[in-house]
Amino acid sequence: MAIDYKEIGSNIKVCRIRKNLKQAQLAEIVGVSSQHISHIETGRTKLSLATLVAISDALQIDCNTLLGKTL
């Protein structure tokens, strides 16, 4: 089973928008650059497990929600 980073990124973007956060705000909370968040959301870069957990904590959602069908 392949990991679908585009789906994960899309799920992150949807959840971020629902929380009324800008990419820069999420990046600051997670401790990465806003460009890195942009690349994650578009699926242009793979994210580490630590980053996935940090993003799910920042968005106050379960990692499973971000993984979507990849899970």
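Residues numbered from 1 in each chain as written. Predicted model: local features only at pLDDT ≥ 70, side-chain atom pairs only at ≥ 80, totals over all residues. Heavy atoms only, no water.

Student: Outline the overall build of the protein, supporting the account with residue identities and numerical values.
Tutor: Each helix and strand counted, the protein has five helices and zero strands in total. Its helices and strands taken in sequence order, the protein reads α-α-α-α-α from the N to the C terminus. Against the globule reference of 11 Å for 71 residues, the protein gives a C-alpha radius of gyration of 11 Å, in line with a compact fold. For the protein, the spread of C-alpha atoms along the three principal axes comes to 30 × 20 × 20 Å. (Helix = DSSP H or I, 4+ residues; strand = E, 2+ residues; numbered from the N terminus. Rg over C-alpha atoms; globule rule 2.2 N^0.38 Å.)

Student: Could you give an account of the state of the cysteines, with specific residues and numbers?
Tutor: Applying the stated rule across the entire model yields zero disulfides. No disulfide involves Cys-15; its nearest neighbouring cysteine sulfur is the one of Cys-63, lying 11 Å away. By relative accessible area, Cys-15 is classed as buried at 10%. (Disulfide = S-S within 2.5 Å. Buried < 20%, exposed > 50% of the residue type's maximum accessible area, 1.4 Å probe, protein only.)

Student: Requested: an account of helix α2 (residues 23-30), with residues and values cited.
Tutor: By the burial criterion, the buried members of α2 are Leu-26, Ala-27 and Val-30. Angular distribution of buried residues about the axis of α2 spans 100 degrees; they occupy a single face of the element. Relative to its buried face, α2 has exposed residues pointing more than 90 degrees away, namely Glu-28 and Ile-29. As for α2, its buried residues are in contact with α1 (5-18), α3 (34-42) and α4 (49-59). (Arc of directions from axis to C-beta. Contact = heavy atoms within 4.5 Å.)

Student: Before we move on, could you go through the side chain of Glu-41 and cite the residues and values that matter?
Tutor: Considering the arrangement of structural elements, one finds Glu-41 in helix α3. Judged by relative accessible area, which is 7%, Glu-41 ranks as buried. Polar side-chain contacts of Glu-41 include one of 2.6 Å to the side chain of Arg-16. Here Gln-23 takes part through its side chain, which lies 2.7 Å from a polar atom of the side chain of Glu-41. With sequence-adjacent residues up to four places away left out, Glu-41 is seen in contact with Gly-9, Ser-10, Ile-12, Lys-13, Arg-16 and Gln-23. (Polar contact = N/O pair within 3.5 Å; in protein donor to acceptor, adjacent residues only side chain to side chain.)

Student: Quick one: what's the story with unusual backbone geometry, residue by residue and with numbers?
Tutor: In the Ramachandran plot, Asn-20 falls in the positive-phi region, its phi being about 60 degrees despite a non-glycine side chain. Within the secondary structure, Asn-20 is located in the loop between α1 and α2. Asn-20 gets classed as exposed once you look at its relative accessible area, which sits at 68%. Located in the positive-phi region is Gln-60, a residue other than glycine, with phi close to 55 degrees. Positionally, Gln-60 belongs in the loop between α4 and α5 (63-67).

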